[in-house]
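Coordinates in review
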Amino acid sequence: VTVVATPFEQAFWADAGPNRLFGVMTLPSGVARGVGAVILAGGRYEQSAGRNRIARRLAHALAAEGFHVVRFDYHGVGDSTGAHEEFVLHEPFTDDLAAAASQLRRAGVSRLVLIGDCFGARTALAGSVGRDDIAAMLLVSLPWRDLARSTRKADIQSSRLSVGDYAKRGLSWRVVRKLADPAARRAYTKLVVAKVRHMARRIRDRLSGLDVPPWTSRRVIGQLSAARARRIPTLILYGRGPVEEYTTDFDELRSARALAWLGAPGESVQVETLDQPIAGYRNIVSQDEVVAVATRWLPQAVGQQQEVA
Amino acid sequence: MRESTVEISGAASRTAGTSQELAGWVQRADERSFVFLHSPPEPVAALVVCSPVGGEADTNRRREVLLARTLAERGIAVLRHDYRGTGNSDGEAPDLCFESMVEDTLAAVGLLSDRAGCVPAVLGTRLGALVAAAAVRAGEVAGLALWQPCRDGRSYYRELGLLRQMNKLAQQANRSVEETRSIKDELAAAGMIELAGYELHSRLYDSTIGLSLAELEPPAATPTLVIEFDAAEPSGWLRTTTERWRDGGVDCRAHAIPERENWWFANDLIAEEGRPLTRAVIDTTAEWLASLTRGTAEAAS
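These lines cover the structure that appears in this document, whether it is placed above or below. (Residues numbered from 1 in each chain as written. Chains lettered and ligands numbered in written order. Predicted model: local features only at pLDDT ≥ 70, side-chain atom pairs only at ≥ 80, totals over all residues. Heavy atoms only, no water.)

**Quick notes on the sheet that holds strand 7 (residues 234-238) of chain A**
Residue and element names in this part refer to chain A. The following threshold applies: Pairing between two strands is assigned when DSSP locates at least 2 bridges connecting them. Put simply, DSSP H or I for four residues or longer makes a helix, DSSP E for two residues or longer makes a strand, and each gets a number counted from the N terminus. The axes used here are C-alpha line fits, helices contributing only the stretch in contact, and every angle between their N-to-C directions lies in the interval 0 to 180 degrees. Any pair of residues with heavy atoms lying within 4.5 Å of one another is described as a contacting pair.
The strand order across the open sheet built from 8 strands is 1-2-4-3-5-6-7-8, with neighbouring strands paired in mixed fashion. Of all strands in the sheet, those with a lone pairing partner are strand 1 (9-16) and strand 8 (269-273), marking the two edges. The sheet shows a mean angle of 20° between the axes of neighbouring strands, direction not considered. In this sheet, strand 4 (residues 68-72) lies alongside strand 3 (residues 35-40) in parallel orientation, the contact comprising 4 bridges. If you follow Ile39 over to strand 4, its bridge partner there is Arg71. Where helix 1 (residues 54-64) meets the sheet, it contacts strand 1, strand 2 (19-26), strand 3, strand 4 and strand 5 (111-117), and its direction lies at approximately 170° from that of strand 4. Packed on one face of the sheet, helix 3 (residues 119-128) meets strand 3, strand 5 and strand 6 (134-140) and runs near 155° to strand 6.

Structure follows, in structure tokens:
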């Protein structure tokens, strides 16, 4: 674990619609760059310091590189007010991001870098659209599906199984017997609905000539394409491991002609894959790697973007 | 709330109904402790919260916030704090140990007594329950509440060892059970082990492995509430402990809540607000604190 000198920190409350968000701003411990960094947590109910204090470590490391950094609790999480039932990937908390960004603006920064993991990556990407102050984005475990936690399993499983697999499993005695159980019936219904949706989308995509897998979020394609068109330096980070579902998705996506520009030389959107599991920061080695990548890549990306501007 | 001589730096406050919420850092020697104060206008009682550590702290965090807001609405001041080496406080994880956690809690008790103008009770959860119990023995407090306390250091680390095995299994591609050394052996060799992305250092382990809740008996007459989760009625060891404490003159109540908590892996999925467990534990604790306040008022009149 990298330890840097403790910089000065200031607690804050920020207005995000009807909610008040609690957060911590870390001031630059080196020469200030005039660039702010917003750390966006994944869709979990963790405190603003993050799992194993990764957000705090990241904030201190970036403050040493001259960034103002904010980390905060989403509405309904930690010390913030408000409530929400669950995290839905295609309903990111862009109002929360805007509130955190305003806090940095008030501290005198003119440009922003966004660092988000999973749900936070989707919030960063969605929140970057329409803003002209984004200097760079680091998107960790970016999900390419539009789903809620409650439908996640069904969506992923349905895309991994063929129609034949469905028929074989659906007619098995084990499944038929379980149909008496309402909970099992609900789970099977979710699986069938997800499969039908994917099949319908595949047909539409074939007709329109789009060659991405049917579960691919059109929102993500649109938002990343917008970042690409504006030459915003963007690094997408994935990990390797048995529970790295979003990496598996990305591996499948890579062969799509429509996304051939992703990670191509000279493109502003690049992709790196670490050897460790990274999803949910459930691994200390990968936590340290993310901090290392952020402190290496973000100052460089901000410099590059300034030259382009 | 009264003005205090202890300065809270880097602070931000907001009004929540009739209460104030103030977050900031208190300087202690060369380190700062993060504190979060919930202040009703005229506090009738006060409570210091001792969080668990690691994933359990993240799981419990929102519940502590909801408790604090509920109590503040009822005129009870609450101070939540991050131990040095955890959360938003200064210090690093390797330095965290039982003694520093108790020290931080006693400092929090002092700060809240000063601000609220009354002696606070202390609430501790899981490993924080041992910290709270030790703090009650070391300082002047109005009562002790414990949420799902650890029975002792050994059983706590045995549980963590099992969770660690489960987590490792989930992260392995071949899903095979590899032979692993005990937490103790690994800590002796490496000084640190990992549990679901959280660090556990030998200093914390060494300072807590020999502890037992039964031996941290509160002083006689201390009002004490112990809430056990995932149980229809208090389990055998808890009944034995509370009976022993009652024999020692402690005014002790044990309470069981049947809902279960998945301490290390729960925070991915569920919002606390709608959970029966959270509602039950907050209501039970708030009622108990209100009964202490009534008792104090009756004694005074």
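**Overview of the sheet that holds strand 4 (residues 45-50) of chain B**
Residue and element names in this part refer to chain B. Strands sit in the order 1-2-3-5-4-6-7-10-11 across an open sheet of 9 strands; the sheet is mixed. Sheet topology places strand 1 (8-16) and strand 11 (251-257) at the edges, where each strand pairs with a single neighbour. Averaged over all pairs of adjacent strands, the angle between their axes in this sheet comes to 15°, without regard to strand direction. In this sheet, strand 3 (residues 31-39) lies alongside strand 2 (residues 19-28) in antiparallel orientation, the contact comprising 9 bridges. Following the sheet pairing, Leu22 is matched in strand 3 by Leu37. Sheet strands in contact with helix 1 (residues 55-73) are strand 1, strand 2, strand 3, strand 4, strand 5 (76-81), strand 6 (121-125), strand 7 (144-147) and strand 10 (223-229), and its direction is about 155° off that of strand 5. Of the strands in this sheet, strand 1, strand 2, strand 3, strand 4, strand 5 and strand 6 are in contact with helix 2 (residues 98-116), which crosses strand 5 at around 150°.

**Quick notes on the pairing of strand 6 of chain A**
Residue and element names in this part refer to chain A. Put simply, the test is: Relative accessibility under 20% of the residue-type maximum defines a buried residue, over 50% an exposed one, and the middle range a partly exposed one, all with a 1.4 Å probe and only protein chains included. Looking down the strands as they point away from the viewer, one classifies a crossover as right-handed if the path from the first strand across the helix to the second runs clockwise.
When you tally the buried positions in strand 6, you get 7 out of 7 residues, the bulk of the element. Bridge count between strand 5 and strand 6: 6 bridges; the pairing is parallel. Directly across from Val113, in strand 6, lies its bridge partner Ala136. What joins strand 5 to strand 6 is helix 3, and the crossover it makes is right-handed.

**Digging into the packing of aromatic side chains**
Counted only if it meets this: Only Phe, Tyr and Trp rings take part, Trp by its six-membered ring, and two of them pair if their centres are within 6.5 Å. Stacked means planes under 30 degrees apart, edge-to-face means over 60, and tilted covers everything else. Charges are assigned to positions over rings by a cutoff of 6 Å between ring centre and Lys NZ or Arg CZ, combined with an angular limit of 35 degrees from the ring normal.
Within the structure shown, the criterion is met by 17 aromatic pairs over all chains. Aromatic side chains Phe22 of chain A and Phe36 of chain B sit 5.5 Å apart centroid to centroid with 65° between the ring planes, which places their arrangement in the edge-to-face category. Here Phe22 of chain A, found in strand 2, pairs with Phe36 of chain B, found in strand 3, and the two come from separate chains. The buried category is assigned to Phe22 of chain A, whose relative accessible area is 0%. Among the aromatic residues, ring-to-ring pairing joins Trp13 and Phe22 of chain A together with Trp25, Phe34 and Phe36 of chain B into one connected group. Just above the ring of Trp25 of chain B sits the side chain of Arg32 of chain B; from NZ or CZ to the centre is 5.6 Å. A cation sits over an aromatic face here: Arg80 of chain B above Phe36 of chain B, 4.4 Å from the ring centre.

**Some remarks on a nonpolar patch on the surface**
All names here are of chain A. This is how it is decided: Residues qualify for a patch when their relative accessible area is over 30% and they have no salt bridge, like charges being joined within 9 Å and the nonpolar side chains of Val, Leu, Ile, Met, Phe, Trp and Tyr within 5 Å. The Shrake-Rupley method, run with a 1.4 Å probe sphere, supplies the accessible areas, and residue values consider only the shown protein chains as cover. Any Lys or Arg side-chain nitrogen found within 4 Å of a carboxyl oxygen on Asp or Glu counts as a salt bridge.
Taken together, Trp173, Val176 and Leu179 make up a surface patch of nonpolar side chains, about 310 Å² in accessible area. Checked against the element boundaries, Trp173 lands in helix 6 (residues 173-178). Using a relative accessible area of 61% as the deciding quantity, one classes Trp173 as exposed.

**Focus: the pattern of salt bridges**
Using the criterion set out here, one finds 37 salt bridges over all chains in the structure. Note that Arg71 of chain A and Glu9 of chain A form a salt bridge whose closest N and O atoms lie 3.0 Å from each other. In this pair, Arg71 of chain A sits in strand 4 while Glu9 of chain A sits in strand 1, placing the two residues 62 residues apart along the sequence. Residues Arg71 of chain A and Glu9 of chain A agree in their burial class; the two are buried. Salt bridges sharing common partners tie together Glu9, Arg56 and Arg71 of chain A together with Arg32 and Asp90 of chain B.

**Quick notes on helix 3 (residues 127-138) of chain B**
Residue and element names in this part refer to chain B. Note the threshold: Here the expected span of a helix is defined as 1.5 Å times the quantity of residues minus one.
Look at helix 3: 17 Å from first C-alpha to last across 12 residues, which is about the 16 Å you get at 1.5 Å a residue. Burial within helix 3 is extensive, with 10 of its 12 residues counted as buried. Within helix 3 the residues assigned to the buried category are Leu127, Gly128, Ala129, Leu130, Val131, Ala132, Ala133, Ala134, Ala135 and Val136.

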